[in-house]
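Here is how the chains run, residue by residue.
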Amino acid sequence: MKITFNELRQIKDSLPDGSMHKIAEALGISVETVRNYFGGHNFKDGACCGIHVEPGPEGGLIEIDDPAIFNMAIDILREYHSDVE
């Protein structure tokens, strides 16, 4: 799966408060690893998370090896926005 870095950041920025913790808890990973997935760089407290960045326009192209975090984020957004009228 490929997405631009800017698109990935837009997803992250659209998530409601507490989503990073919810994703981390559900997947049994650290919150810093989830943040790294969305562009963070804290590899002391978080792990690499299966994305590869290719430089380019819109922040570059992100190739996602493991879509688990991405899929949970999309599910949270769908749930969050279905409640908003």
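Keep in mind that this is a model prediction, so the values were computed, not measured.

Draft legend 1. A look at the packing of aromatic side chains. Applying the stated criterion across every chain yields a total of one aromatic pair. Centre to centre, the rings of Y37 and F38 are 5.4 Å apart; their planes meet at 75°, and the pair counts as edge-to-face. For the pair Y37 and F38, a shared accessibility class is recorded, and that class is buried.

Draft legend 2. The environment of F38, seen in detail. Mapped onto the fold, F38 is located in the loop between α3 (31-37) and β2 (51-54). A sequence separation of 13 residues divides F38 from I51, and the C-alpha atoms of the two residues are 9.3 Å apart. Setting aside its immediate chain neighbours within four residues, F38 contacts F5, L8, R9, I11, K12, L15, M20, I69 and A73.

Draft legend 3. Broad picture of the packing of helix α2 (residues 19-27) against helix α4 (residues 68-82). Relative orientation of the contacting elements α2 and α4 amounts to 130°, with a least axis distance of 10 Å. On the basis of the axis angle, α2 is oblique to α4. As for the relative orientation of α2 and α4, their crossing is right-handed in sense. Residues S19, K22, I23, A26 and L27 of α2 pack against A68, I69, M72, A73, I76 and E79 of α4.

How each quantity is defined
Residues numbered from 1 in each chain as written. Predicted model: local features only at pLDDT ≥ 70, side-chain atom pairs only at ≥ 80, totals over all residues. Heavy atoms only, no water. Phe/Tyr/Trp six-rings, centres within 6.5 Å; stacked < 30°, edge-to-face > 60°. Buried < 20%, exposed > 50% of the residue type's maximum accessible area, 1.4 Å probe, protein only. Helix = DSSP H or I, 4+ residues; strand = E, 2+ residues; numbered from the N terminus. Contact = heavy atoms within 4.5 Å. Axes fitted to C-alpha atoms, helices over the stretch in contact; angles between N-to-C directions. Parallel < 35°, antiparallel > 145°, perpendicular 65-115°, else oblique. Left-handed = near helix turned anticlockwise from the far one by under 90°.

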